[in-house]
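Each chain is listed here by its residues.
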Amino acid sequence: MISTISKIVIGTAQLENYYGIKDKNKFLSLKDFNKILINSKKNKINLLDTAFNYPKVHDNLSKAKISRMNIITKIKNSDFNDKLETKIEKSLKKLKTKFFYGVLFHETDFYKNKNFKTALSILKKLKKKKKILKIGVSIYEPNDLKKILKLFRPDIVQFPFNILDDYFYRSGWLKKLKKLKIECHARSIFLQGKLLKKFKISSKVNKSHIKKISLLENWYKKKKISRLQACLNKAFTNNLIDKVIIGFKNINEFDQVAKLVINCKAEYPPNINFEKNFIDPRKW
């Protein structure tokens, strides 16, 4: 049985610049990142999440003490060409690692790209060489899985999962993925920081959303629970989820989350259905 805290995957987007909506002028320093790595190893956290389109992140990762950490990276449609293998080899060399734990396709409708089969073939070739251990996908919509599974069976599926968006669970797809022995990795558990702050109600907010926001805020007050704890509870108490990607801006955030994750219990707001443009960062 995997301990709850070891489910954490360290997100690295904050190493490049600001990410999300909170503290936009702050980002994770290399000094604090190294401290997080030290504390991660103590808690048997051994996965980092990055992407090829984070060039500054790769620079910082090459300078960080990431030995004994496994890395998941992501590729975009623009990477789908015969130079992909060379790009992956160079990245491995730069990061001083022998293999990527996972390489994920990461863009809306990537499977419709005319060069998708070429890219998949290259990844499979590298998997045989053990330069890649797992091939996966990072998606937004459960419906995409029907089309993806017709083309290939991924080893990892990364998806949004939070107190406002648990459709991958309610749709039954998480159970299907587990039956297929596919790793399930949750991301966006704080909705890029939106769920950690009190919602701002403006004239642009749909009236039906205002009622739903009030229900949510009243639930926090009634239960006397922090937004952070509620978000962590939602992701970490779901036994179908293998890993949870979380980004940090400093060592204090990491230590705070680590303490709260240990005490997670199945206590979070009831399902409140918001429209996609409210909970999908692509539509903000």
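Residues numbered from 1 in each chain as written. Predicted model: local features only at pLDDT ≥ 70, side-chain atom pairs only at ≥ 80, totals over all residues. Heavy atoms only, no water.

**Overview of the overall build of the chain**
Item 1. If you tally the helices and strands in the chain, you get eleven helices and eight strands.
Item 2. Expressed as a percentage of its 284 residues, the buried residues of the chain come to 50%.
Item 3. Considering only contacts in the chain between residues 6 or more positions apart, those separated by 24 or more positions represent 76%.
Item 4. Of the roughly 14,800 Å² of accessible surface on the chain, a fraction of 50% belongs to carbon and sulfur atoms. (Helix = DSSP H or I, 4+ residues; strand = E, 2+ residues; numbered from the N terminus. Buried < 20%, exposed > 50% of the residue type's maximum accessible area, 1.4 Å probe, protein only. Contact = heavy atoms within 4.5 Å. Areas by Shrake-Rupley, 256 points an atom, 1.4 Å probe, with all protein chains shown as cover.)

**Digging into the environment of Phe254**
Item 1. If you trace the backbone, Phe254 turns up in helix 10 (residues 251–262).
Item 2. For Phe254, a relative accessible area of 1% translates into the label buried.
Item 3. Counting along the chain gives 219 residues from Phe254 to Lys35, while the straight-line C-alpha distance between them is 9.5 Å.
Item 4. Residues in contact with Phe254, not counting those within four places in the same chain, are Ile10, Ile36, Asn39, Ser40, Asn43, Ile45 and Phe248.

**Focus: the confidence of the model for the chain**
Item 1. Confidence in the prediction of the chain, expressed as mean pLDDT, is 89, and 89% of residues score 70 or more.
Item 2. pLDDT under 50 marks residues 18–22. Its contacts with residues more than four places away, or in other chains, come to 16 contacts. (pLDDT = per-residue confidence, 0-100.)

**Describing the packing of helix 3 (residues 84–94) against helix 4 (residues 116–128)**
Item 1. Two elements in contact, helix 3 and helix 4, have axes separated by 9 Å at closest approach and are oriented at 45°. Of the possible angle classes, the one that applies to helix 3 and helix 4 is oblique. When you trace helix 3 past helix 4, the crossing you get is right-handed. Contacts between helix 3 and helix 4 involve Leu84, Glu85, Ile88 and Glu89 from the former and Ala119, Ile122, Leu123, Lys125 and Leu126 from the latter.
Item 2. Across the contact of helix 3 with helix 4, the residue classes tally to six nonpolar, no polar and three charged. (Axes fitted to C-alpha atoms, helices over the stretch in contact; angles between N-to-C directions. Parallel < 35°, antiparallel > 145°, perpendicular 65-115°, else oblique. Left-handed = near helix turned anticlockwise from the far one by under 90°. Nonpolar A, V, L, I, M, F, W, Y, C, P; charged D, E, K, R; others polar.)

**Remarks on the packing of aromatic side chains**
Item 1. Summed over all chains, the structure comprises twelve aromatic pairs.
Item 2. With 5.7 Å between their ring centres and 55° between their planes, Phe110 and Phe116 make a pair best called tilted.
Item 3. Accessibility expressed as a relative area gives 2% for Phe116, which makes it buried.
Item 4. Grouping aromatic residues by their ring pairs yields a cluster made of Phe80, Phe105, Phe110, Tyr111, Phe116 and Phe152.
Item 5. Over the face of the ring belonging to Trp173 we find Lys176, whose NZ or CZ atom lies 4.6 Å from the ring centre.
Item 6. Sitting over the ring of Tyr140, Arg187 keeps its end group 4.7 Å from the ring centre. (Phe/Tyr/Trp six-rings, centres within 6.5 Å; stacked < 30°, edge-to-face > 60°. Lys NZ or Arg CZ within 6 Å of the ring centre and 35° of its normal.)

**Remarks on the packing of helix 1 (residues 30–42) against helix 10**
Item 1. Two elements in contact, helix 1 and helix 10, have axes whose closest approach is 8 Å; the angle formed by their N-to-C orientations is 25°. Looking at the two axes, helix 1 sits roughly parallel to helix 10. Counting all contacts with helix 1, which are made through Asp32, Lys35, Ile36, Asn39 and Ser40, the residues of helix 10 involved are Ile251, Phe254 and Asp255.
Item 2. Residues belonging to the contact of helix 1 with helix 10 are distributed by class as follows: three nonpolar, two polar and three charged.

**A short note on the pairing of strand 5 (residues 132–138)**
Item 1. Along strand 5, five of the seven residues are buried, which leaves the element largely enclosed by surrounding structure.
Item 2. Following the backbone out of strand 4 (residues 100–105), through helix 4 and into the adjacent parallel strand 5, one traces a crossover that is right-handed.
Item 3. Taken together, the three bridges between strand 5 and strand 6 (residues 156–160) define a ladder with parallel strand orientation. Within strand 6, the residue paired with Ser138 across the bridge is Gln158. (Right-handed = clockwise from strand over helix to strand, strands pointing away. Pairing = 2+ DSSP bridges.)

**Here we look at helix 10**
Item 1. Over its twelve residues, helix 10 runs 17 Å from end to end, which matches the ideal 16 Å to within 8%, given 1.5 Å per residue.
Item 2. Turning to helix 10, its buried residues number three or more, namely Ile251, Phe254, Val257, Ala258 and Val261. Down the axis, helix 10 shows its buried residues gathered within 125° of arc, on one side only. Opposite the buried face of helix 10, at more than 90 degrees from it, the exposed residues are Asn252 and Lys259.
Item 3. Where the residues of helix 10 are buried, they touch strand 1 (8–11), helix 1, helix 9 (227–236) and strand 8 (243–247). (Expected span 1.5 Å × (residues − 1). Arc of directions from axis to C-beta.)

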